[in-house]
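Residues per chain are reported as follows:
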Amino acid sequence: AQTVTQSQPEMSVQEAETVTLSCTYDTSESDYYLFWYKQPPSRQMILVIRQEAYKQQNATENRFSVNFQKAAKSFSLKISDSQLGDAAMYFCAYRSAFNSGNQFYFGTGTSLTVIP
Amino acid sequence: EAGVTQFPSHSVIEKGQTVTLRCDPISGHDNLYWYRRVMGKEIKFLLHFVKESKQDESGMPNNRFLAERTGGTYSTLKVQPAELEDSGVYFCASSQDFGRGAFFGQGTRLTVV
């Protein structure tokens, strides 16, 4: 079974600074998708960014970017110019690209605090 | 466009009682998922519907949990009888495009006392 590991239960960053959240995963599959979800205190999870494993180029969405290292099975999230609204729980998730493995596998989450 | 909605947002019940959680997915989404997060742990998969059919229910912890999706629209997750270890946040998600992420509801925080 696939596993997703987030080794940082809590992180903090100064407003306007940059922070990187780490995520590693374990899989024997060659094609899959990786996601970062954000869950603010209001509790609805929002998709932040996604990466397709067969694409070498790192995904970017405004201030959010990833460092995808397929060989190392690493998928870190970088948040640039951190804002107070970025404070949330962040979950890394894996999903197989094959129909037989359609569920998402999540890590335990990283709670991000943004310090004014 | 309405997102995924879940009812209730909170539920506190006594051990042995029954609770039914409801999820309304985004209209037109064939895929509907139930997940659960126990405090401090990862979000764990419970089951997956494609329309009204259960595609994968390998994550259902035991037969006290029953999920249904009538007519391929909304879904319910019933826990009967509830045990203390069932406490957690239950998330519902829906998706249509396989390769894109799923849309999650706000979750139902279930506390069994």
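Data block above holds the structure.
Quick notes on the rules
Residues numbered from 1 in each chain as written. Chains lettered and ligands numbered in written order. Predicted model: local features only at pLDDT ≥ 70, side-chain atom pairs only at ≥ 80, totals over all residues. Heavy atoms only, no water. Contact = heavy atoms within 4.5 Å. Buried area = accessible area lost by both parts, 1.4 Å probe. Salt bridge = Lys/Arg side-chain N within 4 Å of Asp/Glu carboxyl O. Polar contact = N/O pair within 3.5 Å; in protein donor to acceptor, adjacent residues only side chain to side chain. Helix = DSSP H or I, 4+ residues; strand = E, 2+ residues; numbered from the N terminus. Nonpolar A, V, L, I, M, F, W, Y, C, P; charged D, E, K, R; others polar. Disulfide = S-S within 2.5 Å. Phe/Tyr/Trp six-rings, centres within 6.5 Å; stacked < 30°, edge-to-face > 60°. Buried < 20%, exposed > 50% of the residue type's maximum accessible area, 1.4 Å probe, protein only. Pairing = 2+ DSSP bridges.

Q: When you look at the interface of chain B and chain A in this model, what are you seeing that I'm missing?
A: Many structure descriptions define interface size as the accessible area lost when the parts assemble. Taken residue by residue, the interface counts 30 residues in chain B and 23 residues in chain A. A combined buried area of about 2100 Å² lies between chain B and chain A, and 50% of that area is made up of carbon and sulfur atoms. Seen at the junction of chain B and chain A, the total is zero salt bridges. Where chain B packs against chain A, one counts five residue pairs in polar contact (both at pLDDT 80 or more). Those elements giving two or more residues to the side of chain B that touches chain A turn out to be β4 (31–37), β5 (43–50), β9 (88–95) and β11 (108–112) of chain B. Of the residues forming the side of chain B that touches chain A, the biggest block, four residues, is contributed by β4 of chain B. Residue composition of the side of chain B that touches chain A, grouped by class: ten nonpolar, 13 polar and seven charged.

Q: Is there a simple way to think about the state of the cysteines in this case?
A: Think of a disulfide as a covalent bridge from one cysteine sulfur atom to another cysteine sulfur atom. Residue and element names in this part refer to chain A. Enumeration according to the criterion identifies two disulfides over all chains in this entry. A sulfur-sulfur distance of 2.0 Å marks the disulfide that ties Cys-23 to Cys-92. Its S-S torsion of about -70 degrees marks the bond between Cys-23 and Cys-92 as left-handed, since a negative value means left-handed. With Cys-23 in the loop between β3 (19–21) and β4 (24–26) and Cys-92 in strand β10 (residues 88–96), this pair connects stretches of sequence that are 69 residues apart.

Q: For this particular structure, what's the right way to read the packing of aromatic side chains?
A: Between two aromatic rings, the relevant description is the distance of the centres plus the angle of the planes. All names here are of chain B. Scanning all chains against the criterion turns up 22 aromatic pairs over all chains. On the numbers, 6.1 Å between centres and 50 degrees between planes, the contact of Tyr-35 with Phe-104 is tilted. Taken together, the residues span a long stretch of sequence, with Tyr-35 in strand β4 and Phe-104 in strand β10 (residues 103–104) at a distance of 69 residues. This pair shows no difference in class: Tyr-35 is buried, exactly as Phe-104 is.

Q: I'm lost on the environment of Cys-23 of chain A in this one. Help?
A: For Cys-23 of chain A, a relative accessible area of 1% corresponds to the buried category. Contact partners of Cys-23 of chain A, with chain neighbours within four places excluded, come to Val-4, Thr-5, Gln-6, Trp-36, Lys-73, Ser-74, Phe-75, Ser-76 and Cys-92 of chain A.

Q: Sorry if this is basic, but what is going on with the environment of Val-4 of chain A here?
A: Residue and element names in this part refer to chain A. With respect to the helices, strands and loops of the structure, Val-4 is situated in strand β1 (residues 3–5). Through-space distance from the C-alpha of Val-4 to that of Tyr-94 is 7.1 Å; in sequence the pair is 90 residues apart. Not counting chain neighbours up to four residues away, the residues in contact with Val-4 comprise Cys-23, Thr-24, Tyr-25, Cys-92, Tyr-94, Tyr-105, Phe-106 and Gly-107.

Q: Explain the pairing of strand β9 (residues 74–79) of chain A here, please?
A: All names here are of chain A. Inspection of the sheet shows β3 paired to β9 by three bridges, in the antiparallel sense. Paired with Val-19 across the two strands is Ile-79, which belongs to β9. In the sheet, strand β8 (residues 64–69) pairs with β9 via six bridges, with the strands oriented antiparallel. Bridging from a neighbouring strand, Val-66 pairs with Leu-77 of β9.

Q: How do you make sense of unusual backbone geometry when you look at a structure like this?
A: Trans is the common state for peptide bonds, and a negative phi is the common state for residues other than glycine. Residues and elements named next belong to chain B. Cis peptide bonds are those with omega within 30 degrees of zero, and the linkage from Phe-7 to Pro-8 qualifies with -15 degrees. Assignment of secondary structure puts Pro-8 in the loop between β1 (5–7) and β2 (10–13). Here the amide bond leading from Gln-80 into Pro-81 is cis, since omega sits at -10 degrees, within 30 degrees of zero. Mapped onto the fold, Pro-81 is located in the loop between β8 (75–79) and β9. For Lys-51, which is not glycine, the phi torsion reads 55 degrees and is therefore positive. In this structure, Lys-51 sits in the loop between β5 and β6 (53–56).

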